[in-house]
Amino acid sequence: LVTSPSQPPMRHSVFYGWWMIPVAVMGFVSTVPGQSVGVAAFNEVWREDLSLSSSQLSGLYALGTIFAAVLLPLTGISMDRWGIRRTMTIVVLGLAIACGWMSLVQESWSLLIAFFLLRFLGQGSLSLLSTNTLAMWFHDRLGTVAGFSNLLVTLIMGLAPLLLGWGISHMGWRFTYQLMGVAILCVMLPPLLTWFRNRPEDVGQRPDGKSGSDLESGGASEAGLQGFSWKEAVFTRSYWILILIKTSWALIGTGLIFNVQPLYVEKAQGYFSPEFAVTCFFTTVAISQLVGGLLADRLPLHHLIFAATMGMCSSLILLWLFVGVPFFFAYALYGAVQGIIQAVSSTIWVRYFGRKNIGKIKSGAMVAMVAGSSIGPLVMSLAKDLGWTFSLSVLAFLILAVINGLAATVLRPPEAKVTCD
């Protein structure tokens, strides 16, 4: 099944793109060390072991994330120039080294470097490359494939807090990070060094396994698949609306997950547990990602985004105004609409702007997302340290969600390329 890049393309009776799905899924799962759900599991032991306050830890996390966001376009540029395979191999090696570095931190400055490496290589670069892997191989079926892949990723990552908690209590947090680095190498390097390919043209195929005539008759011409340049994309209204929405979702979602334990104390009044709230969140994310992926192949994407923003507003109203059991409904609802927005995000960039320069175009969105994810936890932690309640932070999030809803009403596919000399 494998041909080297120097050999002429080969045609296969079976669509080669199906082999890319498990690589993308494993790539997403391997981002756990740099994701908020992975970092949150270590918060308490870091505070105790490194003698840090909540604001100090959140500040280091935010600063490392911002540095990561600034450099993230380099990943998109490398992908467009050298291909996903080479770029992802370097990122995977770097992420494993970053896990090793994290296991050795002793001071604040070394923790800051660790946060930067994990966020840049994990949450930023590897997520970007895994998403674009599917976008290269699928077009008409991209929503369904992305939804199914996201479902698998969410189910697997939902186990991360339990596994990490067990590792911390039984092996220590430092050895747990070392083990994660080794696991990433063992999972990702074999497919990258063997069967992985950058795009269907490398093996004489087309997206979705279609022929050239099938693409033309289906309305997805080769020119349409090539799409916008980065300069053309940034001169469209759609690009900036999507940037706003991506940033807001990352900011709010990361803040809610990162601070679920103190939010639970303030809002849940002893019902169930904070772990139950996280379970509600990830359960609805998993289900809605599959449903959202199916809908993304059948309904206008801007309609789905508007519906998701309305759901986000509703969940934040629940979290802001009510206490007790509604706390868990708020997390479940937010998870449901986040699953939909993630499914749409997996498809909308390549469908709106094409795939030729998707790495550079989407890296701008990833910069905004990574930067936004650094602000949410910091805002909530600072509010708490200043003596305010978390409800004030949630109100600020609600205002931002309303702005997203207004922006979503004018979101439309870009109709024409803008020439930029």
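Below or above, wherever it landed, is the structure these notes cover. (Residues numbered from 1 in each chain as written. Predicted model: local features only at pLDDT ≥ 70, side-chain atom pairs only at ≥ 80, totals over all residues. Heavy atoms only, no water.)

## Structural notes on the pattern of salt bridges
To keep things clear, this is the line we draw: Salt bridges are defined as contacts in which a side-chain nitrogen from Lys or Arg sits within 4 Å of a carboxyl oxygen from Asp or Glu. Secondary structure elements follow DSSP: runs of H or I no shorter than four residues count as helices, runs of E no shorter than two count as strands, and numbering proceeds from the N terminus.
The final tally for this structure, using the stated rule, is three salt bridges. Across the pair arginine 174 and aspartate 49 runs a salt bridge, and its minimum N-O distance is 3.5 Å. Taken together, the residues arginine 174 in helix H10 (residues 173–193) and aspartate 49 in helix H3 (residues 43–50) connect sequence positions 125 residues apart.

## A closer look at a nonpolar patch on the surface
The following threshold applies: Patch membership requires over 30% relative accessible area and the absence of a salt bridge. Like charges are linked within 9 Å, and nonpolar side chains (Val, Leu, Ile, Met, Phe, Trp, Tyr) within 5 Å. Here, Shrake-Rupley sampling with a 1.4 Å probe gives the accessible areas, and only protein chains in the shown set may cover a residue. Buried means the residue's accessible area, taken with a 1.4 Å probe over protein chains only, is under 20% of the maximum for its type, while exposed means over 50%, and partly exposed covers the values in between.
Judged by side-chain polarity, Leu63, Ile66, Phe67, Val70, Leu71, Leu74 and Ile77 come together as a nonpolar surface patch covering roughly 570 Å² of accessible area. Put simply, the parts of the chain that give the nonpolar patch at least two residues each are helix H4 (54–71) and helix H5 (73–82). Examining the composition of the nonpolar patch, we find that five residues originate from one element, H4, more than from any other. Here phenylalanine 67 shows up in helix H4. With relative accessibility at 39%, the residue phenylalanine 67 sits in the partly exposed group.

## Comments concerning helix H15 (residues 260–267)
Short version of the rule: Arc definition: it is the arc formed by the directions from the helix axis to the C-beta atoms.
For H15, every residue scored as buried is listed here: Val260, Leu263, Tyr264 and Lys267. One face of H15 carries all of its buried residues, which in axial projection span an arc of 105°. Two residues or fewer after H15 comes glutamine 269, characterised by a positive phi angle close to 55°.

## Considering the environment of proline 33
Put simply, the test is: Any two residues having at least one pair of non-hydrogen atoms within 4.5 Å are treated as being in contact.
Inspection of the secondary structure puts proline 33 in the loop between helix H1 (20–29) and helix H2 (36–40). Accessibility expressed as a relative area gives 3% for proline 33, which makes it buried. Proline 33 sits 66 residues away from cysteine 99 along the chain, and the two C-alpha atoms are 7.3 Å apart. For proline 33, the residues in contact, after removing those within four places along its chain, are Val39, Cys99, Leu118, Tyr177, Met180 and Ile184.

## Here's the deal with the side chain of serine 345
For clarity, the cut-off: The term polar contact refers here to a pair of N or O atoms within 3.5 Å; inside protein, the definition further demands a hydrogen-donor-capable atom paired with an acceptor-capable atom, and it admits residues adjacent in sequence only when both atoms are side-chain atoms.
As for its placement among the helices and strands, serine 345 is situated in helix H18 (residues 326–353). For serine 345, the side chain forms a polar contact with the side chain of lysine 246, separated by 2.8 Å. Once residues within four sequence positions are removed from consideration, serine 345 is found in contact with Lys246 and Lys362.

## Structural notes on the packing of aromatic side chains
Applied cut-off: Here the aromatic set is Phe, Tyr and Trp, taking the six-membered ring for Trp, and pairing holds for ring centres within 6.5 Å; pairs whose planes are under 30 degrees apart are stacked, those over 60 apart are edge-to-face, and all others are tilted.
All chains considered together, the criterion is met by 20 aromatic pairs. On the basis of an interplanar angle of 90° and a centroid distance of 6.3 Å, the ring pair of tryptophan 46 and tryptophan 173 is categorised as edge-to-face. On the criterion of sequence distance, the pair formed by tryptophan 46 in helix H3 and tryptophan 173 in helix H10 is long-range, its members being 127 residues apart. By the burial criterion, tryptophan 46 is buried, and tryptophan 173 matches it. Measuring from ring centre to ring centre gives 6.4 Å for tryptophan 46 and tyrosine 177, while their planes differ by 20°; the resulting arrangement is stacked.

## Description of the nonpolar core
Operational definition: By nonpolar core we mean a set of buried residues, namely Ala, Val, Leu, Ile, Met, Phe, Trp, Tyr and Cys, connected to one another through side-chain atoms within 4.5 Å.
Counting residues in hydrophobic clusters, the biggest one holds 128 residues, and the most contacted among them are Trp46, Met102, Phe327, Tyr331 and Trp349. Broken down by element, this core gets its largest block of residues, 15 residues, from helix H7 (residues 108–137). Filtering out sequence-adjacent residues up to four positions away, phenylalanine 327 remains in contact with Val260, Leu263, Tyr264, Lys267, Ala268, Ala277 and Leu319.

## As for unusual backbone geometry
Backbone geometry follows two general trends: most residues other than glycine have a negative phi, and most peptide bonds adopt the trans configuration. Backbone geometry at serine 51 places phi at a positive 55°, although glycine is not the residue there. Here serine 51 is to be found in the loop between H3 and H4. On the basis of relative accessible area, serine 51 is assigned to the exposed category, the value being 62%.

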